[in-house]
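Listed below, chain by chain, are the residues.
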Amino acid sequence: MVYPIVKFGDPVLEHEAETVTEFDTPELLQFVADMFESMYAAKGVGLAAPQIGVSKKIAVIDVSNGERPEDKLVLINPKILRVEGRQEGEEGCLSIPGFREQVRRGRKVTLRAQNAKGEEFEMTGEDLLARAFLHETDHLYGKLYFLHISALKRDLMKRKIKKQQRAGDWG
């Protein structure tokens, strides 16, 4: 099932999501499959559960855009352990369509998470995967990528979004 993407302005995007405590259930496995389907349909490389209106600490990532099944990652209750180096690159968000900004992030990121069976694992990602780890984990704590840009650019972006909302062109 493809879920609609929730857009900026919806409160679910601005609050910390709930910790997942039940694993390896048919409902969780189906939800994760639906998250991948929703992410691919929206042409994203990552998707957090709050972006489809579900306040749970679950994110899916596939930096290969479906080209390499082994690149599919499920992150449940992730925690960032280490951030090393710096990279700057253009970043966007499925919940803020039509906007992209230069964002500075860590170049190498190590996190700890659980898979759909509840098994804990640690993983290190670099470059795009590191950016995806940070972006999707931010979503699970109620943070959007524009918090990493200047206040001036963020205010301009929010004003443009408000204008689109008033015109009925948002969401």
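Up top is the structure these notes are about.
Residues numbered from 1 in each chain as written. Predicted model: local features only at pLDDT ≥ 70, side-chain atom pairs only at ≥ 80, totals over all residues. Heavy atoms only, no water.

**Student:** What exactly am I supposed to notice about the overall build of the protein here?
**Tutor:** Broken down by element type, the protein carries three helices and seven strands. Scanning the protein from its N terminus toward the C terminus, one meets helices and strands in the order α-β-β-β-β-β-β-β-α-α. Taking 16 Å as the expected radius of gyration for a compact globule of 171 residues, we find that the protein reaches 16 Å, a close match to that expectation. For the protein, the spread of C-alpha atoms along the three principal axes comes to 45 × 35 × 30 Å. Nonlocal contacts in the protein, meaning residues at least 24 apart in sequence, comprise 63% of its contacts between residues at least 6 apart. (Helix = DSSP H or I, 4+ residues; strand = E, 2+ residues; numbered from the N terminus. Rg over C-alpha atoms; globule rule 2.2 N^0.38 Å. Contact = heavy atoms within 4.5 Å.)

**Student:** Got a minute to help me understand helix H1 (residues 26-41) in this structure?
**Tutor:** Think of an α-helix as turning once every 3.6 residues; residues three or four places apart then point the same way. Counted at 1.5 Å a residue, the expected span for H1 with its 16 residues is 22 Å, and the 22 Å between its end C-alpha atoms agrees. Within H1 the residues assigned to the buried category are Leu28, Phe31, Val32, Asp34, Met35, Phe36, Ser38 and Met39. Its buried side turned inward, H1 meets strand E1 (46-48), strand E2 (58-61) and strand E3 (73-84). Remark: Lys43 follows H1 within two positions and exhibits a positive phi of approximately 60°. (Expected span 1.5 Å × (residues − 1). Buried < 20%, exposed > 50% of the residue type's maximum accessible area, 1.4 Å probe, protein only.)

**Student:** How should I be thinking about the sheet that holds strand E7 (residues 120-126) in this particular structure?
**Tutor:** In sheet architecture, strand pairing relies on hydrogen bonds along the backbone and comes in two forms, parallel and antiparallel. Spatial ordering of the open sheet is given by E1-E2-E3-E6-E7, a layout of five strands whose pairing is antiparallel. Taken across any chain shown, the strands that pair with only one partner, and hence form the sheet edges, are E1 and E7. Strand-to-strand twist in this sheet, taken as the mean axis angle between neighbours without regard to direction, amounts to 35°. Two strands pair when backbone bridges link them, and strand E6 (residues 108-114) and E7 are joined in this way by seven bridges, in the antiparallel orientation. Note on E7: the bridge partner recorded for Arg112 is Glu122. In the packing of H1 onto the sheet, contacts are made with E1, E2 and E3, and the angle to E2 comes to roughly 45°. (Pairing = 2+ DSSP bridges. Axes fitted to C-alpha atoms, helices over the stretch in contact; angles between N-to-C directions.)

**Student:** Please clarify how the packing of aromatic side chains should be interpreted in this entry.
**Tutor:** The description of an aromatic ring pair rests on the distance of the ring centres and on the angle between the ring planes. For the structure shown, the criterion picks out four aromatic pairs. Centre to centre, the rings of Phe8 and Phe146 are 5.2 Å apart; their planes meet at 85°, and the pair counts as edge-to-face. Placement of Phe8 in the segment before H1 and of Phe146 in the loop between helix H2 (128-140) and helix H3 (151-167) is noted, with a sequence separation of 138 residues between them. Overall, the relative accessible area of 13% leaves Phe8 in the buried class. The exposure class of Phe146 is buried, given its relative accessible area of 4%. (Phe/Tyr/Trp six-rings, centres within 6.5 Å; stacked < 30°, edge-to-face > 60°.)

**Student:** Looking at this structure, how should I read the layout of surface pockets?
**Tutor:** A probe as big as a water molecule, rolled over the atoms, marks out the empty space that is left. Within this model, the largest pocket holds a volume of roughly 380 Å³. For the largest pocket, the lining is made up of 22 residues, of which Val45, Glu91, Gly92, Cys93 and Arg100 are closest to its centre. Those elements giving two or more residues to the lining of the largest pocket turn out to be strand E4 (87-92) and H2. With five residues, H2 is the single largest residue contributor to the lining of the largest pocket. Grouping the constituent residues of the lining of the largest pocket by class yields nine nonpolar, seven polar and six charged. (1 Å grid on protein atoms, 1.4 Å probe; cavity = no way out; pocket = protein on both sides within 12 Å on 5 of 7 lines; lining within 4 Å. Points joined across faces, edges and corners; volume = space filled by probe spheres on them. Nonpolar A, V, L, I, M, F, W, Y, C, P; charged D, E, K, R; others polar.)

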